[in-house]
Structure formats: structure tokens, C-alpha cells
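Descriptive structure summary
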Amino acid sequence: MEKENLSTNIIIREATEDDAENLLKIYSYYVEETAITFEYEVPSVAEFAGRIRKTKEKYPYIVAQDKNTGRLLGYSYASAFKERAAYQWSVETTIYVDKDCKRGGLGRLLYAELEKCLSAMGILNVNACIGYPNGAEDEHLTYDSVKFHEKLGYSMVGEFHQCGSKFGRWYNMVWMEKMLGEHVDNPKELF
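Residues numbered from 1 in each chain as written. Predicted model: local features only at pLDDT ≥ 70, side-chain atom pairs only at ≥ 80, totals over all residues. Heavy atoms only, no water.

Quick look at the packing of helix α1 (residues 20-33) against helix α2 (residues 45-56) now. Helix-helix packing is characterised by the crossing angle of the two axes and by the distance between the axes. As a packed pair, α1 and α2 sit with axes 9 Å apart at the nearest point and diverge in direction by 100 degrees. One way to sum up the angle between α1 and α2 is to call them roughly perpendicular. Listed contacts from α2 to Ala20, Glu21, Leu23, Leu24 and Tyr27 of α1 are Val45, Phe48, Ala49, Arg51 and Ile52. For the contact of α1 with α2, a count of residues per class yields 8 nonpolar, no polar and 2 charged. (Axes fitted to C-alpha atoms, helices over the stretch in contact; angles between N-to-C directions. Helix = DSSP H or I, 4+ residues; strand = E, 2+ residues; numbered from the N terminus. Parallel < 35°, antiparallel > 145°, perpendicular 65-115°, else oblique. Contact = heavy atoms within 4.5 Å. Nonpolar A, V, L, I, M, F, W, Y, C, P; charged D, E, K, R; others polar.)

Let us look at the packing of aromatic side chains. According to the stated counting rule, one finds 14 aromatic pairs in the structure shown. Ring centres of Tyr30 and Tyr96 lie 5.1 Å apart, and the angle between their planes is 55 degrees; on these two criteria the pair is classed as tilted. Of the two residues, Tyr30 sits in helix α1 while Tyr96 sits in strand β5 (residues 90-97), which places them 66 residues apart along the sequence. Assessed through its relative accessible area of 4%, Tyr30 is described here as buried. A centroid spacing of 5.7 Å and a plane angle of 40 degrees characterise the contact between Tyr111 and Phe148, whose relative ring orientation is tilted. Of this pair, Tyr111 sits in helix α3 (residues 106-121) while Phe148 sits in helix α4 (residues 144-151), placing them 37 residues apart in sequence. Phe148 gets classed as partly exposed once you look at its relative accessible area, which sits at 24%. (Phe/Tyr/Trp six-rings, centres within 6.5 Å; stacked < 30°, edge-to-face > 60°. Buried < 20%, exposed > 50% of the residue type's maximum accessible area, 1.4 Å probe, protein only.)

Here we take up the side chain of Asp19. Residue position: Asp19 is located in the loop between β2 (10-14) and α1. For Asp19, a relative accessible area of 7% corresponds to the buried category. Those residues within four positions of Asp19 in sequence are excluded, and the remaining contacts are Arg13, Glu14, Val63 and Leu72.

Next up on the list: the pattern of salt bridges. Scanning all chains against the criterion turns up 10 salt bridges. Here Asp19 and Arg13 are joined by a salt bridge, their closest N and O atoms 2.9 Å apart. Like Arg13, Asp19 is buried. Across the salt bridge formed by Arg53 and Glu17, the nearest N and O atoms sit 2.6 Å from each other. Separated by 36 residues along the polypeptide, Arg53 in helix α2 and Glu17 in the loop between β2 and α1 bring together distant segments of the chain. Residues participating in the shared-partner salt-bridge network are Glu39, Glu47 and Arg51. (Salt bridge = Lys/Arg side-chain N within 4 Å of Asp/Glu carboxyl O.)

A separate point is the nonpolar core. Ranked by size, the top nonpolar core spans 26 residues in total, and within it Val91, Leu106, Leu110, Leu118 and Tyr154 carry the most contacts. Listing elements by their share of this core, those giving two or more residues are β2, β3 (61-66), β4 (72-80), β5, α3, β6 (125-132) and β8 (169-179). Broken down by element, the residue count for this core peaks at 5 residues, all from α3. Ignoring any residue separated from it by four or fewer positions in sequence, one finds Val91 in contact with Tyr59, Ala78, Ser79, Phe81, Leu118, Ile123, Asn125, Val126 and Asn127. Within the second largest apolar cluster, 17 residues are counted, among which are Leu23, Tyr27, Ile52 and Tyr61. (Core = buried A, V, L, I, M, F, W, Y, C linked by side-chain atoms within 4.5 Å.)

This next bit is on the pairing of β5. Looking along a regular strand, one sees the side chains alternate between the two faces of the sheet. Of all 8 residues in β5, 8 are buried; the element is thus mostly enclosed. Alternating residues of β5 divide into Ser90, Glu92, Thr94 and Tyr96 and Val91, Thr93, Ile95 and Val97, and every residue in both groups is buried. Here β4 pairs with β5 via 7 bridges, running antiparallel. Note that in β5 the partner of Tyr75 across the bridge is Tyr96. Sheet topology note: the β5/β6 ladder contains 4 bridges and is parallel. Of the residues in β6, the one forming a bridge with Ser90 is Asn125. On the question of chirality, the crossover connecting β5 to the parallel β6 by way of α3 is right-handed. (Pairing = 2+ DSSP bridges. Right-handed = clockwise from strand over helix to strand, strands pointing away.)

Given below as C-alpha cells:
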């Protein structure tokens, strides 16, 4: 699965539990400073490693790493969209990029590899649950994530209003989706 992009010196590879501490450094900014995640407290390294382990039992979890320094710059993974068997061809996608590495194509590289892995598994629908400003952008949440997903071919399918409260404000949440493959009657079961 390891891929090298020579023009950006990025390696895309499968995450390991040993990556937890460095990935948590990326994620902690989003927990503490943004409403991109509605999580309030930064998890422990052990809890984060457990999340990686659980995800990898069934789905891909990938990281972007600087080839020269070894520094982890971002990560992406898939999780169950819903637990019922009828949803097995659909997943929820998640992506986080180091706050200092945004708008450099890293997210596109991560999602491209994630979608390749998911397609190989037989996944047809990818769904993104995204924090969304309630009326206007603020210092904790912008429309950037929605714009990013739109550029990658996701379309808006629904909005939930004032469903998350963080930093003393109410935020909305939207669902976006992208189809990775053809939907046929009686698809082969995946799991």
C-alpha cells in the first residue's frame, strides 16, 4: 500500500498503533480549537491507539508521512456508516490534515488512496459527516471542509440544524456522499 509522491515527498501508508501519539498531535488542534469535531476532550494516546486498532479490524486507516523527516502530516480512515448488514456497502469517511499543511493537496492524496482501498473492498458509497456553520463562519468553523469534499465529487444530501454545541455556540452538521461504484441488484456480501 505504500506510495511515494516524488513531487511532494509524501509517502501514503497504512497507519499503525505506534502512530497514535503523532496522529493525536494533529487531532488535538481540531478538538481544542475547532468545531470540525464535536469531541470536547483530547483522548489519551492509549485510547487513540485503540481507535486505530478497532478501525483496522474492518476498514483502512492511512497516514501521510513526510519522506524526508518521517513526520506524520495527516490521516484518513473509514468506519461503518451504520451497523446493520444492509449498510455494509457504505462507509463514513474521516480525514484530518496537520493545520500547517492545509491546501497543499495532502487531503486529496489521502482520500484518493482511501477510496482506492474501499473500492477494492467492494464499498460503493462513501459518506462524510461534516460540522457546518450555523448561519455564518466563525473562528472555530468554516465552509472549507464542505468545499473540499465538493471538489472531490461529494454532493450534499442533508443538513441537521443546531445539533452540536461547542465553544458556547450551536453548530449544524451536514452529510455529503459520493458513489464509488455501480449499484447492482443482489450485490455480493462483503462481511
